[in-house]
Amino acid sequence: YEIRPPILDDPPAVAKLSNAMSMDETARAETSVEDVLSQWKDPERTLEDEDWVVTNERAIAGYLELYECPPHTVFEFAGHVHPGHRGTGVGSVLLQ
C-alpha cells in the first residue's frame, strides 16, 4: 500500500469507498462525487495537508480526513477503510 494526498482525479474512487463502507454498515449509499468535490474545494481546507488516501495498484483502499475546528485548537479526523481491505493494515497506515 502507498499513502499520498488525494488528487483531483480521486473523488469518484473516494465516493465509491465511502459508499462501500456505508452499504456494509447501514445498507445505504449516500456519498456522491459532488459531495466529495464540494468538501475538497472548501477554501478553508488544505487538501494536501488534511486528507490522505491509501492505494494499492488497483484502487483506493482507505481515506483519512482531518478537520480543524476553529476558533479552538481542536482537530478531528475520520478514517475510512474499504470493507474488502479491512484487516490488511490500511487503517494502521492511515494513522501513522
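Residues numbered from 1 in each chain as written. Predicted model: local features only at pLDDT ≥ 70, side-chain atom pairs only at ≥ 80, totals over all residues. Heavy atoms only, no water.

A.B. asks: How should I be thinking about the nonpolar core in this particular structure?
C.D. replies: Side chains of nonpolar character tend, in soluble globular proteins, to be buried together. Among the nonpolar cores identified, the biggest contains nine residues, and these are Val14, Ala15, Leu17, Val36, Trp40, Leu47, Val53, Ile60 and Tyr63. Contributions of two or more residues to this core are made by α1 (11-26), α2 (33-40) and β3 (60-68). Among the elements that make up this core, the one with the highest residue count is α1 (three residues). Beyond its immediate sequence surroundings of up to four residues, Val14 is in contact with Val36, Trp40, Val53, Ile60 and Tyr63. The next biggest cluster of nonpolar side chains, apart from the first, holds six residues, and it includes Val54, Val81, Val90 and Leu94. (Core = buried A, V, L, I, M, F, W, Y, C linked by side-chain atoms within 4.5 Å. Buried < 20%, exposed > 50% of the residue type's maximum accessible area, 1.4 Å probe, protein only. Helix = DSSP H or I, 4+ residues; strand = E, 2+ residues; numbered from the N terminus. Contact = heavy atoms within 4.5 Å.)

A.B. asks: What is the right way to look at α1 in this model?
C.D. replies: One turn of the α-helix equals 3.6 residues, which is why residues spaced by three or four share an orientation. Spanning 16 residues, α1 covers 21 Å between terminal C-alpha atoms, matching the ideal 22 Å at 1.5 Å per step. Buried within α1 we find Pro11, Val14, Ala15, Leu17, Ser18, Asn19, Met21 and Ser22. The first or second residue beyond α1 is Ala27, which carries a positive phi of 60°. (Expected span 1.5 Å × (residues − 1).)

It is worth stressing that arrangement in space is one thing and function is another; only the former is reported here.
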